[in-house]
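# Observations on the three-dimensional arrangement
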Amino acid sequence: MKKIIIFASGNGSNAENIAKYGEKTGKYKVSHIAVNKKDAYVIQRAQKLGIPVFLFNKNDLYDTNKVLEFLKNENPDLIVLAGFLWLVPDEIVKTFEKKIINIHPALLPKYGGKGMYGDNVHRAVKENKENKTGITIHYVNEKFDEGDIIFQKEVKLHPDDKIEDIASKVHDLEYIYYPKIIVKLVSGCGK
């Protein structure tokens, strides 16, 4: 059974969806959910699913080897960022090259980079009167949202769509495609 570790910072609905998909299909198992906020709701989701939580802070990630050593010990087949907003340090990226993926709520390279997450992205899409948006699943490198693209899926937008409507359409795509791409990658069928 392939093993993945999810990194999350907030609500954790994507993390829960990914974990349940792995359980349902038997293609992978979430061994841990790594969380950088002690009050993040994703911790409660992990507990309900019986998934161990690895809690860490900025110092653990950037100034010590605590997170790197944890990952080396666990040796996951894939590290999945699901609503994780911190830049992954170079040392971790190098150690787990082409083994860390992220999902972005837009069609990169548009609307990527530092500060471009969640409603910030959807607001920019709306303000620019885009007629489509979507998701991008990409490998993580040393810069925000600049790793090699693995998969993109677009959805049409209507001029009267509100930010919440855009967010909902994008979230639906995340739920459908992120777990499927994870299966392809851990099965050796991805890029």
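To start, this report covers the structure provided alongside it. (Residues numbered from 1 in each chain as written. Predicted model: local features only at pLDDT ≥ 70, side-chain atom pairs only at ≥ 80, totals over all residues. Heavy atoms only, no water.)

With that settled, consider the pairing of strand β5 (residues 100–104). Burial analysis of β5 places 5 of its 5 residues in the buried class, which makes it a mostly covered element. On β5, burial covers both faces: Ile100, Asn102 and His104 on one face and Ile101 and Ile103 on the other are all buried. Relative to β5, strand β4 (residues 78–81) runs parallel, the two being bridged by 3 bridges. Bridge assignment links Val80 to a residue of β5, and that residue is Ile101. You can see the chain leave β4, run along helix α5 (residues 90–95) and come back into β5, and the turn it takes is right-handed. (Buried < 20%, exposed > 50% of the residue type's maximum accessible area, 1.4 Å probe, protein only. Helix = DSSP H or I, 4+ residues; strand = E, 2+ residues; numbered from the N terminus. Pairing = 2+ DSSP bridges. Right-handed = clockwise from strand over helix to strand, strands pointing away.)

A word on empty space enclosed by the protein. Scanning the model with the defined rule gives 1 cavity of 30 Å³ or more in all. Taken as a whole, the largest cavity spans an internal volume of roughly 50 Å³. Surrounding the largest cavity, Phe7, Leu61, Leu71, Ile79, Leu81, Phe84, Leu87, Val88, Pro89, Ile92 and Ile100 form its lining. (1 Å grid on protein atoms, 1.4 Å probe; cavity = no way out; pocket = protein on both sides within 12 Å on 5 of 7 lines; lining within 4 Å. Points joined across faces, edges and corners; volume = space filled by probe spheres on them.)

By the definition in use, this model includes 9 salt bridges. Arg45 is the partner of Glu16 in a salt bridge, and the nearest nitrogen-oxygen pair spans 2.4 Å. You can see Glu16 sitting in helix α1 (residues 13–25) and its partner Arg45 sitting in helix α2 (residues 42–49), a full 29 residues away along the chain. We note that Glu16, like Arg45, is buried. Of the charged contacts, one joins Lys72 and Glu69 as a salt bridge, the two residues approaching to 3.9 Å between their closest N and O atoms. With a gap of 3 residues between them, Lys72 and Glu69 both fall in helix α4 (residues 66–74), about one helical turn apart. Glu69 sits in the partly exposed class, given a relative accessible area of 37%. By sharing partners, the salt bridges in this structure join Glu16, Lys20 and Arg45 into a single network. (Salt bridge = Lys/Arg side-chain N within 4 Å of Asp/Glu carboxyl O.)

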